[in-house]
Amino acid sequence: MSNFDIRSRQKESVEILDLSGELDAHTAPDLEKEITTLIDAGKYNIIVNFTSLEYISSAGLGVFMAYIEELRELGGDIKLTNMKEGVYNVFDLLGFPTLYDIMDDEAEAVKKFNNASA
Amino acid sequence: MKRKLLKSLIMHQPEEDSLSDQSVNHMVVAASTGNLASVREFVAARARDHGFGQIDTEEIRLAVDEAMTNVIKHAYGYDDSKKIYISVGSDADSFWVAIQDNGHAFDIAAYKTPDVPERVKQRKKGGVGVYLIKRLMDKVEYSTQNEHNEIKMIKKL
């Protein structure tokens with residue numbers, strides 16, 4: 001019934017989460033679980049690819065609010081990429097572009113992680 | 001008055017309602033996050049019927065989601081045996097969505113605009129829904145009467 005899915009994959013030393021569908025208060029716990037699983041496994045360089053995400057509410061944004069500090073303290077980051085305009089607008093309304101690394105393209109974010117660890 | 005309205009809402013199912021303009025459309029759902037998507041779609045379809053373009057329709061869809069999520073979380077504390085009443089109406093130049101509950105009232109007087117960077121620093125998971133609703137809609141009214149709470153969100157065409 002839930003129109004939301006997360007697939008995870010790896011590119012070099014970076015974990016990538018591909019989101020699709022609608023991220024709201026019903027589906028945000030799935031994303032939170034995925035991110036805490038990565039943190040517990042010691043994987044702190046995370047890219048969330050929004051290519052197929054159609055919708056986000058503040059419950060979805062809340063997941064990023066809750067874990068970014070912890071990841072940065074651990075030497076990692078969450079970079080957000082490939083957002084559709086409507087999804088980006090929600091992040092923008094809350095001033096996220098100055099707090100988070102929001103990038104147009106996943107490859108660019110992978111490169112930035114690699115440069116930082118080189 | 002309000003009690004009578006709620007009673008009439010319970011007896012209506014959305015599919016039985018007329019979709020004609022100038023009308024009020026109702027939907028009653030259990031207070032579960034699993035119902036967010038269908039309520040969003042119900043309201044967005046009526047916003048489109050009213051003549052809103054994609055951007056306005058998406059703003060209304062998000063405002064409704066935020067308001068309903070707050071009811072589920074704060075008014076009812078995730079008790080899905082409770083009900084949420086959604087009504088949508090319009091007139092010539094504006095469109096409104098009202099969401100009603102019988103739970104804990106939201107104290108708008110105590111509301112402060114959230115400091116997002118500070119909330120991120122404190123690792124808070126959200127707390128920005130009301131702020132979004134105010135940004136997305138033209139007018140937002142809260143009222144509580146006889147233990148019924150209502151948020152009415154208005155957008156001008």
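Conventions adopted
Residues numbered from 1 in each chain as written. Chains lettered and ligands numbered in written order. Predicted model: local features only at pLDDT ≥ 70, side-chain atom pairs only at ≥ 80, totals over all residues. Heavy atoms only, no water. Phe/Tyr/Trp six-rings, centres within 6.5 Å; stacked < 30°, edge-to-face > 60°. Helix = DSSP H or I, 4+ residues; strand = E, 2+ residues; numbered from the N terminus. Buried < 20%, exposed > 50% of the residue type's maximum accessible area, 1.4 Å probe, protein only. Pairing = 2+ DSSP bridges. Axes fitted to C-alpha atoms, helices over the stretch in contact; angles between N-to-C directions. Salt bridge = Lys/Arg side-chain N within 4 Å of Asp/Glu carboxyl O. Contact = heavy atoms within 4.5 Å. Buried area = accessible area lost by both parts, 1.4 Å probe. Expected span 1.5 Å × (residues − 1). Polar contact = N/O pair within 3.5 Å; in protein donor to acceptor, adjacent residues only side chain to side chain. Core = buried A, V, L, I, M, F, W, Y, C linked by side-chain atoms within 4.5 Å. Right-handed = clockwise from strand over helix to strand, strands pointing away.

**Q** Describe in detail the packing of aromatic side chains, supporting the description with residues and values.
**A** Residues and elements named next belong to chain A. Scanning all chains against the criterion turns up eight aromatic pairs over all chains. For the ring pair phenylalanine 50 and phenylalanine 64, a centre distance of 5.9 Å and an interplane angle of 45° mean the geometry is tilted. Taken together, the residues span a long stretch of sequence, with phenylalanine 50 in strand β3 (residues 45-56) and phenylalanine 64 in helix α2 (residues 58-73) at a distance of 14 residues. What makes phenylalanine 50 buried here is its relative accessible area of 0%. Take phenylalanine 64: its relative accessible area is 0%, and that puts it in the buried class. On the numbers, 5.3 Å between centres and 80° between planes, the contact of phenylalanine 91 with phenylalanine 96 is edge-to-face. Owing to a relative accessible area of 0%, phenylalanine 96 belongs among the buried residues under this scheme.

**Q** Lay out the sheet that holds strand β5 (residues 148-156) of chain B with the relevant residues and their values.
**A** Residues and elements named next belong to chain B. Taken together, the five strands give an open sheet; going across it, the order is β1-β2-β3-β5-β4, and neighbouring strands pair in antiparallel fashion. A strand with exactly one partner marks an edge of an open sheet, and here the two such strands are β1 (25-30) and β4 (139-145). With strand direction ignored, the average angle separating the axes of adjacent strands in the sheet is 15°. Sheet topology places β4 next to β5; seven bridges connect them, and they run antiparallel. Directly across from glutamate 141, in β5, lies its bridge partner lysine 152.

**Q** Describe the pattern of salt bridges, naming the residues involved and giving the relevant values.
**A** Residues and elements named next belong to chain A. Using the criterion set out here, one finds 21 salt bridges over all chains in the structure. Here lysine 79 ties to aspartate 101 by a salt bridge, and the two come within 2.9 Å at their closest N and O atoms. In this pair, lysine 79 is assigned in strand β4 (residues 77-81) and aspartate 101 in strand β5 (residues 101-103), connecting sequence segments 22 residues apart. Taking the relative accessible area as the measure of exposure, lysine 79 reaches 6% and is therefore buried. Sharing partners across several salt bridges, the network here consists of Arg72, Asp77, Lys79, Asp101 and Lys112.

**Q** Help me get a handle on the interface of chain A and chain B, residues and values and all.
**A** Taken residue by residue, the interface counts 23 residues in chain A and 26 residues in chain B. Buried area between chain A and chain B, summed over both chains or domains, comes out near 2,100 Å², and the portion from carbon and sulfur atoms is 64%. Contact with chain B buries area across many residues of chain A, yet Tyr55, Met65 and Leu93 of chain A alone supply 30% of it, more than any other trio. Remark: the boundary between chain A and chain B carries four salt bridges.

**Q** Break down α2 of chain A for me, with residues and values.
**A** In an α-helix, one turn spans 3.6 residues; hence positions three or four apart end up facing the same way. All names here are of chain A. The end-to-end C-alpha distance of α2 is 24 Å, a good match for the 22 Å that 16 residues give at a rise of 1.5 Å each. Buried residues of α2: Ser58, Gly60, Leu61, Gly62, Val63, Phe64, Met65, Ala66, Tyr67, Ile68 and Leu71, and no others. Remark: glycine 75 follows α2 within two positions and exhibits a positive phi of approximately 90°.

**Q** Give me the lowdown on the side chain of aspartate 101 of chain A, citing residues and values where you can.
**A** All names here are of chain A. The exposure class assigned to aspartate 101 is buried, which follows from its relative accessible area of 17%. Polar contacts involving the side chain of aspartate 101 include one to the side chain of lysine 112, which spans 2.9 Å. Beyond its immediate chain neighbours, meaning those up to four positions away, aspartate 101 contacts Arg72, Asp77, Ile78, Lys79, Leu80 and Lys112.

**Q** Tell me about the side chain of glutamine 100 of chain B, and name the residues and values.
**A** All names here are of chain B. Looking at where glutamine 100 falls in the secondary structure, it is placed in strand β3 (residues 94-101). Judged by its relative accessible area of 1%, glutamine 100 is buried. A distance of 2.7 Å separates polar atoms of two side chains, one belonging to glutamine 100 and the other to glutamate 150.

**Q** Talk me through the nonpolar core; I want residue IDs and the actual numbers.
**A** Membership of the largest hydrophobic core comes to 70 residues, with the highest contact counts inside it found for Phe50 and Phe64 of chain A together with Ile99 of chain B. At nine residues, the largest contribution of residues to this core is made by helix α3 (residues 54-75) of chain B. Not counting residues up to four positions away in its chain, the partners in contact with phenylalanine 64 of chain A are Leu31, Ile35, Val48, Phe50, Ile56, Ile78, Leu80, Phe91, Phe96 and Tyr100 of chain A. Membership of the second largest hydrophobic core comes to seven residues, among which are Val14, Ile16, Met103 and Ala109 of chain A.

**Q** Please give an account of the pairing of strand β2 (residues 14-23) of chain A that cites residues and values.
**A** Residue and element names in this part refer to chain A. Buried residues dominate β2, accounting for eight of its 10 residues. A loop of two residues connects strand β1 (residues 4-11) with β2, the two strands running antiparallel in sequence, and glutamate 12 in this loop sits at a positive phi of about 50°. Relative to β3, β2 runs parallel, the two being bridged by eight bridges. What sits directly across from leucine 23, in β3, is isoleucine 56. Regarding topology, helix α1 (residues 28-40) serves as the crossover connection from β2 to the parallel β3, and that connection is right-handed.

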